[in-house]
Amino acid sequence: MTAFFQDYLGYGFGWFLATLILILLIALPLMLAVAMIIYVDRKVWAAMALRRGPNVVGPFGLLQSFADGLKVFLQETIIPSAANRGLFIIAPIITFTVALITWAVIPFGAGMALANINVGLLYILAASSLGVYGIILAGWASNSKYPFFSAIRAAAQMVSYEVSIGFVLISVVLWAGTFNMGGIVLAQKGHILGIINGFGLNPLLFPMAVMFLISSMAETQRAPFDLTEAESELVAGYQTEYSSMSFALFWLGEYGNVLLMCALNATLFWGGWLPPVDWAPLYVVPGIIWLFIKIFAFFFVFSWVKATVPRYRYDQLMRLGWKVFLPFSLLWVFVVSGYLMLTRYGGLA
């Protein structure tokens, strides 16, 4: 599409227009998906608690998320008099923006990525780690003790689990031999017995897949790791002083990050846009459909965990990150790299 626009509109403007259209093709459906996935989240929680969930606004309650969005849009934006006004306003913008820009390198199919760069995985690591700055700024700029406690927790939590996620991704990169997201997906084709697409069932990578799933819940501050929003302790955490659209941007950013982590789980370990089995008839289904099915499956796991697992204490959260995940992931990098040295690269010679 970029080449088409460049032929008719010139190199610079054609590239700009094509890129803008591609960004909108990702961002607008993502916003719609966030609205609907909040509805699904609430329905899953309700079903597990033997309740009905949203069922009044629209058929089957499908318009409930849009009604909630309209409500916050019409509310007054209140900024505490003692808050740092500039940082208070920019914090939710950072959270929302970072949740969007990371999708630039997610491949929705063969060659279907906004930016098919060779260091896509490094870009995701760099961009996703920026999201916590929105929470830290919100907590500090609110000039209130509960949001400030939340900001401190967010910083410690991010450091704890980013390190483990980094070691997990090193194992994937070693096996795939590339940082390119599309290349990682293609490396999973027929990976298990020449039949199953995905690294997830590889005995050496399955522990890393489980660890990445748990760490992604901690990275997005989802239960049981939602210590930054612990209502029983911190009122609403970093969101306590926010209202109207500034609150909605946190809301959208959180679910955008959750969907991103679901997409990363599907892409890095479970074949991305590839069908589960390397069987020709299954490739008739468009790859983007397979990716959406896997994202939805992981989102169901996220909702399931939030509805059933009690919140960790803060010391339990830190112990899991520093005393369990960090040493295990570091050890497993040595195991995976040693196995690859002996089998793929001809030993230590």
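No experiment lies behind these values; they were computed from the predicted model shown.

Participant: Now, about the overall build of the protein chain: what can you tell me, with residues and values included?
Facilitator: A count of helical and extended segments in the protein chain gives 13 helices and zero strands. Of the regular secondary structure in the protein chain, the N- to C-terminal order runs α-α-α-α-α-α-α-α-α-α-α-α-α. Radius of gyration (C-alpha) of the protein chain: 21 Å, near the 20 Å computed for a compact globule of 349 residues. Projected onto its principal axes, the C-alpha coordinates of the protein chain cover approximately 65 × 60 × 45 Å. Within the span of the protein chain, comprising 349 residues, buried residues form 47% of the whole. Here the protein chain displays about 16600 Å² of accessible surface, and carbon together with sulfur accounts for 73% of that area. In the protein chain, which carries 17 positive and 14 negative side-chain charges, the distance between the mean positions of the two groups comes to 6 Å.

Participant: Before we move on, could you go through the packing of helix α4 (residues 85-101) against helix α6 (residues 131-141) and cite the residues and values that matter?
Facilitator: For any two helices packed against each other, the geometry comes down to the angle between their axes and how far apart the axes lie. One can describe the packing of α4 onto α6 by two numbers: an axis separation of 8 Å at closest approach and a directional angle of 160°. When the interaxial angle is binned, α4 and α6 end up roughly antiparallel. Where α4 crosses over α6, the two elements pack in a sense that is left-handed. Each of Leu87, Phe88, Ile90, Ala91, Ile94, Thr95 and Val98 in α4 lies in contact with α6, whose residues at this interface are Gly131, Gly134, Ile135, Leu137, Ala138, Trp140 and Ala141. For the contact of α4 with α6, the residue count by class is eleven nonpolar, three polar and no charged.

Participant: Lay out the environment of Gly190 in plain terms, naming residues and giving numbers.
Facilitator: For Gly190, the location among the structural elements is in the loop between α8 (181-187) and α9 (206-219). Counting along the chain gives 84 residues from Gly190 to Leu274, while the straight-line C-alpha distance between them is 9.8 Å. With residues up to four places along the chain from it excluded, the contact list for Gly190 reads Ile195, Ile196, Asn197 and Asp278.

Participant: How would you explain a nonpolar patch on the surface if you had to name every residue and give the values?
Facilitator: Among the surface-exposed residues, Phe13, Trp15, Phe16, Leu20, Leu24 and Leu28 lie close enough to one another that they form a single nonpolar patch of about 620 Å² accessible area. Its place among the elements puts Trp15 in helix α2 (residues 11-48). A relative accessible area of 46% means that Trp15 is categorised as partly exposed.

Participant: Describe the pattern of salt bridges, naming the residues involved and giving the relevant values.
Facilitator: Enumeration according to the criterion identifies four salt bridges in this entry. With its nearest N and O atoms 3.1 Å apart, the salt bridge here joins Asp41 to Arg222. Taken as a pair, Asp41 in helix α2 and Arg222 in the loop between α9 and α10 (231-234) lie far apart in primary sequence, 181 residues in all. The exposure class assigned to Arg222 is buried, which follows from its relative accessible area of 1%. Of the charged contacts in the structure, one is a salt bridge between Asp315 and Arg313, with a shortest N-O distance of 2.9 Å.

Participant: Explain the packing of aromatic side chains residue by residue, including any values.
Facilitator: Taken as a whole, this structure holds eleven aromatic pairs when the rule is applied. With 6.2 Å between their ring centres and 90° between their planes, Tyr161 and Phe325 make a pair best called edge-to-face. Taken as a pair, Tyr161 in helix α7 (residues 145-176) and Phe325 in helix α13 (residues 314-343) lie far apart in primary sequence, 164 residues in all. Note on accessibility: Tyr161 and Phe325 belong to one class, buried.

Participant: Just give me the short version of the nonpolar core, but keep the residues and values in it.
Facilitator: By size, the foremost hydrophobic cluster in this structure holds 61 residues, and its most contacted members are Trp103, Ile106, Leu264, Leu268 and Phe269. Where this core is concerned, the elements lending two or more residues are α2, α5 (120-128), α7, α8, α9, α11 (244-269), α12 (287-308) and α13. Sequence-distant contacts of Trp103, that is, excluding residues within four places in its chain, are made with Ile26, Leu30, Phe108, Gly256, Leu259, Leu260 and Ala263. With twelve residues, the next largest nonpolar core counts Ala91, Ile135, Ala138 and Tyr238 among its residues.

Participant: Can you tell me about α4, naming the residues and giving the values?
Facilitator: End to end, α4 covers 25 Å across 17 residues, agreeing with the expected 24 Å (1.5 Å per residue, within 8%). Listing the buried residues of α4 in full gives Phe88, Ala91, Pro92, Thr95, Phe96, Val98 and Ala99.

Participant: Tell me what's going on with unusual backbone geometry, and back it up with residues and numbers.
Facilitator: Positioned with a positive phi, Leu50 is a non-glycine residue whose angle comes to about 55°. As for its placement among the helices and strands, Leu50 is situated in the loop between α2 and α3 (64-74). Notably, Gln221 is not glycine yet its phi reads approximately 55°, a positive angle. By the element assignment, Gln221 lies in the loop between α9 and α10.

Participant: So, α9: which residues are in play, and what are the values?
Facilitator: Here α9 is 14 residues long and its end C-alpha atoms lie 20 Å apart, about the 20 Å a rise of 1.5 Å per residue gives. Most of α9 sits inside the fold, with ten of its 14 residues counted as buried. Among the residues making up α9, those that are buried are Met208, Ala209, Met211, Phe212, Leu213, Ser215, Ser216, Met217, Ala218 and Glu219. Here the buried face of α9 lies against α5, α7, α11, α12 and α13. Taken from the residues just after α9, Gln221 is the one with a positive phi, measuring 55°.

Reading guide: rules and limits
- Numbers given for residues are sequential positions, taken from 1 along each chain in its written order.
- Since the coordinates come from a predicted model, pLDDT governs what is reported: local features require at least 70, and pairs of side-chain atoms require 80 or more to be given and counted, while whole-chain, interface and lining totals use all residues.
- To get the side-chain values, all heavy atoms of the structure are used, and hydrogens and water are removed first.
- Each helix corresponds to a stretch of at least 4 residues labelled H or I by DSSP, and each strand to a stretch of at least 2 residues labelled E; elements are numbered beginning at the N terminus.
- As defined in this context, the radius of gyration uses C-alpha atoms, and a globule is described by 2.2 Å times the residue total to the power 0.38.
- In this scheme, a residue with accessible area under 20% of its type's maximum is buried, one over 50% is exposed, and one in between is partly exposed, where area comes from a 1.4 Å probe on protein chains only.
- The method behind every accessible area is Shrake-Rupley, applied with a 1.4 Å probe, and residues are considered shielded solely by the protein chains displayed.
- Positive charges come from Lys and Arg, negative ones from Asp and Glu, while His and the chain ends are left out of the count.
- The location of each charge is read from NZ of Lys, CZ of Arg, CG of Asp or CD of Glu.
- Axis definition: a line fitted to C-alpha atoms, limited for helices to the stretch in contact. Angles are taken between N-to-C directions and run from 0 to 180 degrees.
- Comment on the angle field: the value is read as roughly parallel under 35 degrees, roughly antiparallel over 145, roughly perpendicular from 65 to 115, and oblique elsewhere.
- The sense of a crossing depends on the near helix, which, turned anticlockwise from the far helix by less than a right angle, makes the crossing left-handed and, turned clockwise, makes it right-handed.
- The contact criterion used throughout is that any non-hydrogen atoms of two residues lie within 4.5 Å.
- Polar here means any residue other than Ala, Val, Leu, Ile, Met, Phe, Trp, Tyr, Cys and Pro, which are nonpolar, and Asp, Glu, Lys and Arg, which are charged; Gly is therefore polar.
- Patch members must show over 30% relative accessible area and no salt bridge, and they are joined within 9 Å when carrying like charges or within 5 Å when they are nonpolar side chains of Val, Leu, Ile, Met, Phe, Trp or Tyr.
- Any carboxyl oxygen of Asp or Glu that lies within 4 Å of a side-chain nitrogen of Lys or Arg is treated as forming a salt bridge with it.
- Any pair of Phe, Tyr and Trp rings, taking the six-membered ring for Trp, is counted once the centres come within 6.5 Å. Such a pair is stacked with planes under 30 degrees apart, edge-to-face with planes over 60 apart, and tilted for the rest.
- Only buried residues count toward a nonpolar core, which is a set of Ala, Val, Leu, Ile, Met, Phe, Trp, Tyr and Cys residues joined through side-chain atoms within 4.5 Å.
- For a helix, the expected span equals 1.5 Å multiplied by the number of residues minus one.

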